[in-house]
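The residues making up each chain are set out below.
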Amino acid sequence: MIECMTETAAELFAARAVIEELRVVHSEIAVLEAKQMALMTALYTLRREEQLDLGVAYLHAGEDAATEIGIALKMSQRSADLLINLGLDLNNRCPATLEAFAAGRIDLAQARAISQTLANVPDSVRAELEPKVAGYAEDHDPARIKRTARRWLLEADPEGQAVRRKAAEADRYVSISAADDGTAVVDAVLPAAGGQTLYERLREMASTQVCGSDPRTTTQCRADALVALADGTGRLTCQCGRPDCPHAEIDATTPAPRKVLVQVGVSAETLAGLRDNPALLAGFGAIDADLARQLARHARFDIITDPTETPAAPVRAVKATSETTSTATELRYRPGIRVAARVRALDGTCRAPGCQIPAAATDLDHQDRFDHTNPISGGHTTEDNLGARCRRHHRLKTHSDNHRNQWQVIHHPGREVEWVTPTGESATTTPEGVPFLFPTVFVPPVTADGVPEAEPNGSIWDPGIAESEMTELLHVYYSPAQRREAFRAARHARQAQHNM
Ligand SMILES: [Zn+2]
Ligand SMILES: [Zn+2]
């Protein structure tokens with residue numbers, strides 16, 4: 001009995017020691033996070049001052065610091081941006097919060113909660129409230145901090161609420177990011193009434209546009225309803241499959257969904273169902289072959305031939321050798337439709353390290369600068385001399401060309417792009433689209449029974465949409481069901497032969 005009690009006391013003591021150590025470690029991490037944030041903010045300030053001196057616009061000076069940090073730490077530029085913004089806010093407007101964070105009395109999430117809640121508050125009110133909130137934060141979690149601080153704010157500055165709401169609504173956004181296994185996360189901040197309107201509409205569609213036998217859950221129907229609002233159909237189609245479905249009549253008149261407004265890079269063999277290599281959904285990443293074929297069903301095609309089969313001279317050689325004859329299109333600043341589509345398909349995304357902006361939303365930037373006064377002497381408008389760059393990284397390259405930063409952006413053969421930071425660190429990116437368009441790994445087609453495959457509804461291919469060179473290939477496009485059937489038939493034939 002006594003032994004047993006001793007045991008329990010020892011366990012209690014051990015657990016307390018663990019909790020105590022946890023608290024210490026958590027505080028030490030906060031100290032280091034505050035230090036990391038301060039260093040990032042210092043680098044930003046340094047680069048900003050340099051660039052302002054070099055005549056870079058007020059709005060953009062210093063923005064390359066986040067890319068530089070991303071390369072140094074293998075961190076996303078967005079994470080660096082968020083930390084720099086927090087650092088600037090705490091430096092300029094939240095001294096008590098900065099002090100508590102640097103001392104490890106509050107952590108990063110708590111500091112962020114304070115910064116966000118006080119973001120749109122006038123200086124006089126914030127100066128009064130901020131020390132109080134920082135003190136409260138030491139004993140409360142981020143959600144509680146926000147709620148309490150909001151209440152204090154309404155008490156201290158009731159007439160400012162309308163202004164704050166307006167400012168907060170100005171920050172409304174929708175973002176879509178890749179999630180696992182071919183799904184995406186849609187994240188949005190909307191004015192409260194707009195958010196409620198959207199949700200009510202999705203709920204109404206889910207409950208009135210499908211019958212009780214639809215195989216989807218209400219949650220799934222609401223998700224499909226959101227897409228239906230955008231794809232031109234405007235309504236859900238019941239998937240019960242019953243001819244006597246009360247929605248059958250109206251479903252029959254629903255227009256077909258509009259073409260998918262995405263870019264998919266897929267190898268010809270995979271598109272034809274001969275292989276199951278993954279495909280590239282621009283701005284998203286790898287998707288499985290079946291999903292790519294489903295998306296391709298109503299697509300417009302650009303044929304991209306293998307660049308290794310038609311080796312082009314390296315960029316530098318184009319400039320160096322005088323015998324290279326330039327075509328008229330190479331001497332125009334804007335690339336033609338074919339070259340543009342090809343460069344975007346090969347590159348897949350913006351070519352800066354860690355940047356996820358899909359190539360379709362990028363500028364095509366001349367690596368060797370185009371010379372508007374004498375096109376023959378400058379960089380030409382060729383596939384090798386063009387690269388996909390988002391606005392921000394296009395600016396970085398332009399500033400580099402104009403000596404308004406100390407970056408170097410170097411194109412190597414094979415479309416490799418090397419980014420050298422002002423401190424001499426370097427990161428090289430490869431074109432993301434190439435391994436999807438021209439895979440070197442052979443992935444055999446999936447034929448096993450029981451593999452769940454979404455069946456296309458309607459005709460598998462409308463040859464009217466296909467374009468010349470692709471037509472031949474598209475005739476051999478198999479739907480997953482047809483493919484299964486073809487392999488099954490082949491197996492039966494083999495077995496029959498074996499049994500004879
Ligand atoms: Zn139904
Ligand atoms: Zn970029």
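Definitions and cut-offs
- Residues numbered from 1 in each chain as written.
- Chains lettered and ligands numbered in written order.
- Predicted model: local features only at pLDDT ≥ 70, side-chain atom pairs only at ≥ 80, totals over all residues.
- Heavy atoms only, no water.
- Core = buried A, V, L, I, M, F, W, Y, C linked by side-chain atoms within 4.5 Å.
- Buried < 20%, exposed > 50% of the residue type's maximum accessible area, 1.4 Å probe, protein only.
- Helix = DSSP H or I, 4+ residues; strand = E, 2+ residues; numbered from the N terminus.
- Contact = heavy atoms within 4.5 Å.
- Pairing = 2+ DSSP bridges.
- Axes fitted to C-alpha atoms, helices over the stretch in contact; angles between N-to-C directions.
- Donors = N, O, S within 2.8 Å, 3.2 Å for Na, K, Ca; no water.
- Tetrahedral: all angles 85-135°; square planar, octahedral: opposite > 155°, others 65-115°.
- 1 Å grid on protein atoms, 1.4 Å probe; cavity = no way out; pocket = protein on both sides within 12 Å on 5 of 7 lines; lining within 4 Å.
- Points joined across faces, edges and corners; volume = space filled by probe spheres on them.
- Nonpolar A, V, L, I, M, F, W, Y, C, P; charged D, E, K, R; others polar.
- Phe/Tyr/Trp six-rings, centres within 6.5 Å; stacked < 30°, edge-to-face > 60°.
- Lys NZ or Arg CZ within 6 Å of the ring centre and 35° of its normal.

Enquirer: Help me understand the nonpolar core, please; the structure alone is not making it clear to me.
Expert: Inside soluble globular proteins, nonpolar side chains tend to come together where they are buried. Among the nonpolar cores identified, the biggest contains 32 residues, and Leu 90, Phe 101, Ile 106 and Ile 114 are the most heavily contacted of them. Taken together, the elements giving at least two residues each to this core come down to helix H1 (2-53), helix H2 (64-73), helix H3 (77-93), helix H4 (95-102), helix H5 (108-117), helix H6 (123-137) and helix H7 (142-156). Ignoring any residue separated from it by four or fewer positions in sequence, one finds Ile 106 in contact with Ala 30, Thr 97, Ala 100, Phe 101, Ala 111, Ile 114, Ala 134, Ala 137 and Glu 138. In terms of nonpolar packing, the next biggest core, distinct from the first, is built from 12 residues, Leu 202, Ala 206, Ala 225 and Cys 240 among them.

Enquirer: What's the story with the sheet that holds strand E9 (residues 416-420) in this structure? I'm lost.
Expert: Hydrogen bonds along the backbone pair up the strands of a sheet, which may run parallel or antiparallel. Read across the open sheet, the three strands follow the order E8-E9-E10; overall the sheet is antiparallel. In the strand order of this sheet, the two ends are held by strand E8 (408-412) and strand E10 (426-429), each with one partner. Strand-to-strand twist of the sheet, defined as the mean angle between neighbouring strand axes without regard to direction, takes the value 20°. One ladder, built from five bridges, connects E8 with E9; its direction is antiparallel. Bridge assignment links Ile 410 to a residue of E9, and that residue is Glu 418. The strands that helix H16 (residues 391-401) touches are E8 and E9; relative to E8, the one it contacts most, it runs at about 100°.

Enquirer: Just checking my understanding: could you explain the coordination of the zinc ion (ligand 1) for this structure?
Expert: In ideal tetrahedral geometry, four donors around a metal make angles of 109.5 degrees, whereas ideal octahedral geometry with six donors gives angles of 90 or 180 degrees. Protein-derived ligands of the zinc ion (ligand 1) are Cys 211 (SG), Cys 238 (SG), Cys 240 (SG) and Cys 245 (SG), with the metal-ligand distances lying across 2.2 to 2.4 Å. For the zinc ion (ligand 1), the four donor atoms in the first shell make angles of 106 to 114° at the metal, so the coordination geometry reads as tetrahedral. Sequence spacing of the donors to the zinc ion (ligand 1): C-x26-C-x1-C-x4-C. Placement of Cys 211 in the loop between helix H9 (192-208) and helix H10 (218-230) and of Cys 238 in the loop between H10 and helix H11 (248-252) is noted, with a sequence separation of 27 residues between them. Here Cys 211 and Cys 238 have matching classes, each one buried.

Enquirer: Even after reading the chapter, I still don't get empty space enclosed by the protein, so can you show me in this structure?
Expert: Which parts of space are left empty comes out when a probe the size of a water molecule is rolled across the atoms. Under the criterion given, the structure shown has two cavities of 30 Å³ or more. Reported here for the largest cavity is a volume of approximately 60 Å³. Around the largest cavity, the lining residues are Arg 47, Glu 50, Gln 51, Asp 64, Glu 68, Arg 404, Asn 405, Gln 406, Trp 407 and Pro 422. Sorting the residues of the lining of the largest cavity by element identifies H1 and H2 as the ones contributing at least two each. The element best represented in the lining of the largest cavity is H1, accounting for three residues. Here the lining of the largest cavity is built from residues that sort into two nonpolar, three polar and five charged.

Enquirer: Please clarify how the pairing of E10 should be interpreted in this entry.
Expert: The two faces of a sheet get side chains in turn, since along a regular strand they alternate between them. Burial along E10 is one-sided: Ala 427 and Thr 429 are buried, while Ser 426 and Thr 428, pointing the other way, are not. By the bridge criterion, four bridges tie E9 to E10 in an arrangement that is antiparallel. Paired with Glu 418 across the two strands is Thr 428, which belongs to E10. Joining the antiparallel neighbours E9 and E10 is a turn of five residues, in which Gly 424 adopts a positive phi near 90°.

Enquirer: Can you walk me through the coordination of the zinc ion (ligand 2) in this structure?
Expert: Around the zinc ion (ligand 2), the donor atoms from the protein are Cys 350 (SG), Cys 355 (SG), Cys 390 (SG) and His 393 (ND1), and they sit 2.0 to 2.3 Å away. One way to put it: the four donor atoms around the zinc ion (ligand 2) meet at angles of 95 to 115°, and that makes the site tetrahedral. As a motif over one chain, the donors of the zinc ion (ligand 2) read C-x4-C-x34-C-x2-H.

Enquirer: Any chance you could explain the side chain of His 247 here in plain terms?
Expert: Relative to the helices and strands, His 247 is located in the loop between H10 and H11. Filtering out sequence-adjacent residues up to four positions away, His 247 remains in contact with Thr 208, Gln 209, Val 210, Cys 211 and Cys 238.

Enquirer: Help me out: how do you make sense of the packing of aromatic side chains in this one?
Expert: Both the distance between ring centres and the angle between the ring planes are used here to describe each pair of aromatic rings. Under the counting rule described, the total for this entry stands at one aromatic pair. Ring geometry for Tyr 136 versus Trp 152: centroids 5.3 Å apart, planes at 70°, classification edge-to-face. Of this pair, Tyr 136 sits in helix H6 while Trp 152 sits in helix H7; the two residues are 16 residues apart in sequence, bridging distant segments of the chain. Residue classification places Trp 152 among the buried residues on the basis of a relative accessible area of 13%. It is Arg 48 that lies over the ring of Tyr 58; its NZ or CZ is 4.5 Å from the centre. The ring of Trp 152 has Lys 132 lying over it, and the distance from NZ or CZ to the ring centre is 4.2 Å.

Enquirer: Sorry if this is basic, but what is going on with the environment of Ser 267 here?
Expert: Here Ser 267 is to be found in the loop between strand E3 (264-265) and helix H12 (268-271). With 22 residues separating them in the primary sequence, Ser 267 and Ala 289 have C-alpha atoms 9.5 Å apart. Beyond its immediate stretch of four places on either side in the chain, Ser 267 contacts Phe 436, Leu 437 and Pro 439.

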